[in-house]
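Notes for the structure review
The lines below spell out each chain.
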Amino acid sequence: MRKQLTFIAVLGLLLLTACNEDGTIADPHANTNDSTAHEDMNHSSSTGELPQNLKTANNPTFPTGSEAIIQTNHMESMDQAEAVISGAYHTTAYSVSYKPTTESETIWNHKWVVHEELEDAGEKPLEPGSKVILNADHMKGMKGAEATIETAKDTTVYMVDFVPTNGDDEVMNHKWVIEDELTAR
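Residues numbered from 1 in each chain as written. Predicted model: local features only at pLDDT ≥ 70, side-chain atom pairs only at ≥ 80, totals over all residues. Heavy atoms only, no water.

1. Observations regarding the overall build of the protein
When you go through the protein residue by residue, the secondary structure sums to two helices and eight strands. In the protein, the order of α-helices and β-strands from amino to carboxyl end is α-α-β-β-β-β-β-β-β-β. A burial count over the protein gives 41% of its 185 residues as buried. Intrachain contacts of the protein at a sequence separation of at least 6 include 60% that bridge at least 24 residues. Element-wise, carbon and sulfur atoms account for 49% of the exposed surface of the protein, whose accessible area totals about 10700 Å². (Helix = DSSP H or I, 4+ residues; strand = E, 2+ residues; numbered from the N terminus. Buried < 20%, exposed > 50% of the residue type's maximum accessible area, 1.4 Å probe, protein only. Contact = heavy atoms within 4.5 Å. Areas by Shrake-Rupley, 256 points an atom, 1.4 Å probe, with all protein chains shown as cover.)

2. Some thoughts on the pattern of salt bridges
Counted by the stated rule, this structure contains three salt bridges. Note that Glu67 is salt-bridged to Arg185, the shortest N-O span being 2.4 Å. Here the residue Glu67 occupies a position in strand E2 (residues 67-70), and Arg185 occupies one in the segment after strand E8 (182-184), the gap between them amounting to 118 residues. Residue class for Glu67 comes out partly exposed when judged on its relative accessible area of 41%. A salt bridge links Lys153 to Asp180; the nearest nitrogen and oxygen atoms lie 2.9 Å apart. Taken together, the residues span a long stretch of sequence, with Lys153 in strand E6 (residues 146-162) and Asp180 in the loop between strand E7 (171-178) and E8 at a distance of 27 residues. Assessed through its relative accessible area of 30%, Lys153 is described here as partly exposed. Relative accessible area serves as the criterion here: at 55%, Asp180 is assigned to the exposed category. (Salt bridge = Lys/Arg side-chain N within 4 Å of Asp/Glu carboxyl O.)

3. Here we look at the nonpolar core
Core analysis: the biggest nonpolar cluster contains 16 residues, and Phe62, Ile70, Ile85, Tyr158, Val160, Phe162 and Leu182 have the highest contact counts within it. Mapped by element, the contributors of at least two residues to this core are E2, strand E3 (82-98), E6 and E7. When sequence neighbours within four positions are dropped, the list of residues in contact with Leu182 reads Phe62, Ala68, Ile69, Ile70, Gln71, Ile85, Tyr158 and Val177. (Core = buried A, V, L, I, M, F, W, Y, C linked by side-chain atoms within 4.5 Å.)

4. Some thoughts on the side chain of Thr72
Along the polypeptide, Thr72 turns up in the loop between E2 and E3. Residue Thr72 is classed as buried on the basis of its relative accessible area of 8%. Looking at Thr72, its side chain comes within polar contact range of the side chain of His74, at 3.4 Å. (Polar contact = N/O pair within 3.5 Å; in protein donor to acceptor, adjacent residues only side chain to side chain.)

5. Re the side chain of Ser95
Within the element layout of this structure, Ser95 appears in strand E3. Judged by relative accessible area, which is 0%, Ser95 ranks as buried. There is a polar contact of 2.9 Å between the side chain of Ser95 and the side chain of Asn109. A polar atom in the side chain of Ser95 sits 2.5 Å from the side chain of Thr151. In contact with Ser95, not counting residues within four places along its chain, are Asn109, His110, Lys111, Trp112, Thr148, Ile149, Glu150 and Thr151.

6. Concerning unusual backbone geometry
For the bond from Lys111 to Trp112, the omega torsion is 5 degrees, close enough to zero to count as cis. The residue Trp112 is located in strand E4 (residues 107-114) in this model. Positive phi outside glycine occurs at Asp120, with the angle close to 50 degrees. We classify Asp120 as exposed; its relative accessible area is 76%.

These results come straight from atomic positions and should not be treated as a statement about function.
As structure tokens, then:
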């Protein structure tokens, strides 16, 4: 009986330490706050250089030059920012978890890396759980890192220009926002 009570007490302590503030069980793979998971994401502009073989989208919902409102917070002060579409491409977008080449902390559920930014990815979309090497350079330590695909989505991805809602300098050629993360202005 004593062993059973000890076991129950230890199990209870483990569950309590794994709970979120709202009492739900914490999932180390869950990304409930994109802004903290991507706080190292660079707000500086990119050159707009595209991965090889990336195809321009036919009739995208948001054509190049159109305006939209960003409905996600991949980076701090991104949500609700006004964006100008600088490119629209049809591909498979992946959320990935990876350990940066420059750090020991794993980045969970980074959104988004496109199929064409994966080393030796082949033609067909990859499944969640696949191990890949990243050729993307969205964040420090990303290029060359080994990653696990968390989700895969056949979609239109957008490169956007936007001014962060905190008033920082305009970000040019941010990669990537998917169609579900934009609304009409």
